[in-house]
Amino acid sequence: MNLHFEAFIDDIDGLITFLTSDTWPYHLSANPKPDRLRKSYENGFFTGEESKTFFVLSNENERVGLIRVYDLEDDIPVFDIRVLSKYRRMGIGPQAVKWLVNYVFNEYPEKEKIEAYTRNDNYAMRCVFNKCGFVKEAYHRNSWKDQDGNNFDSIGYGIIREDWATGTVTPIDWNDFIY
């Protein structure tokens, strides 16, 4: 599936429809509520200097996913991605993440790194990070609480501009210090 991307500007009703049309099991709020989404929008969560949101569109212009990059005023932006359940395991995640990495490094030449986090049991997303040149950089125990109050470990991934530009992956030395 060839994808293209549409910047979210102010179609809050379309955004709410999209985000409430499915369940997002690896997000804090698996079933976001319309009033909370509207309030987040009003507070600049989806657009502004600090964040940009894009719909992921199929060949037929159907909204199949959403990708949001935030902390754009910080040195290291972070992103979040959602793919509708009926389109998962179709290669959308890697295409969207590669597009986002290209977007950030091309549109923000001062950015040297992009980070993302996921729950340790989100194996599909962990595979996407690996396919897209991200490196596992952190493991946080009991750091991700779901909407039911369950604790999960989370894993941090990052890609640096140099690796992106050269098409390489610089590994982390997890055993750099001998105790």
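This text follows the structure it describes.
Residues numbered from 1 in each chain as written. Predicted model: local features only at pLDDT ≥ 70, side-chain atom pairs only at ≥ 80, totals over all residues. Heavy atoms only, no water.

Peer 1: Tell me about the environment of Glu49, and please be specific about residues and values.
Peer 2: Mapped onto the fold, Glu49 is located in the loop between α2 (34-42) and β2 (51-57). For Glu49, a relative accessible area of 62% gives the class exposed. For the pair formed by Glu49 and Tyr70, sequence separation is 21 residues and the distance between their alpha carbons is 8.9 Å. With residues up to four places along the chain from it excluded, the contact list for Glu49 reads Leu72 and Glu73. (Helix = DSSP H or I, 4+ residues; strand = E, 2+ residues; numbered from the N terminus. Buried < 20%, exposed > 50% of the residue type's maximum accessible area, 1.4 Å probe, protein only. Contact = heavy atoms within 4.5 Å.)

Peer 1: Account for the side chain of Asp22, with residues named and values stated.
Peer 2: With respect to the element layout, Asp22 can be found in the loop between α1 (12-19) and α2. This buried residue, Asp22, is left without a salt bridge; Arg88 holds the nearest opposite charge, at 4.1 Å. Polar side-chain contacts of Asp22 include one of 2.5 Å to the backbone nitrogen of Ser85. Not counting residues within four places of it along the chain, the set of residues in contact with Asp22 comprises Ala30, Asn31, Leu84, Ser85 and Arg88. (Lys, Arg positive; Asp, Glu negative; His and termini not counted. Salt bridge = Lys/Arg side-chain N within 4 Å of Asp/Glu carboxyl O. Polar contact = N/O pair within 3.5 Å; in protein donor to acceptor, adjacent residues only side chain to side chain.)

Peer 1: Lay out the nonpolar core with the relevant residues and their values.
Peer 2: Core analysis: the largest hydrophobic core is formed by 44 residues, its most contacted members being Phe79, Val97 and Phe134. Counting residues per element, the ones that place at least two in this core are α1, β2, β3 (63-70), β4 (78-83), α3 (92-107), β5 (113-119), α4 (123-131) and β7 (151-160). Tallying contributions element by element places α3 first for this core, with 8 residues. The contact partners of Val97, leaving out residues within four places of it in the chain, are Ile67, Phe79, Ile81, Met125, Val128, Cys132 and Phe134. (Core = buried A, V, L, I, M, F, W, Y, C linked by side-chain atoms within 4.5 Å.)

Peer 1: Please provide a residue-by-residue account of the packing of aromatic side chains, values included.
Peer 2: For any pair of aromatic rings, the description consists of the separation of the ring centres together with the inter-plane angle of the planes. Counting across every chain of the model gives 17 aromatic pairs. Taken together, Phe8, Phe18, Trp24, Tyr41, Phe45, Phe46 and Phe55 form an aromatic cluster joined through their ring pairs. Over the ring of Phe55 we find Arg63, and its NZ or CZ is 3.6 Å from the ring centre. When the ring centre of Trp174 is taken as origin, the NZ or CZ atom of Lys136, which lies over that ring, is 5.9 Å away. (Phe/Tyr/Trp six-rings, centres within 6.5 Å; stacked < 30°, edge-to-face > 60°. Lys NZ or Arg CZ within 6 Å of the ring centre and 35° of its normal.)

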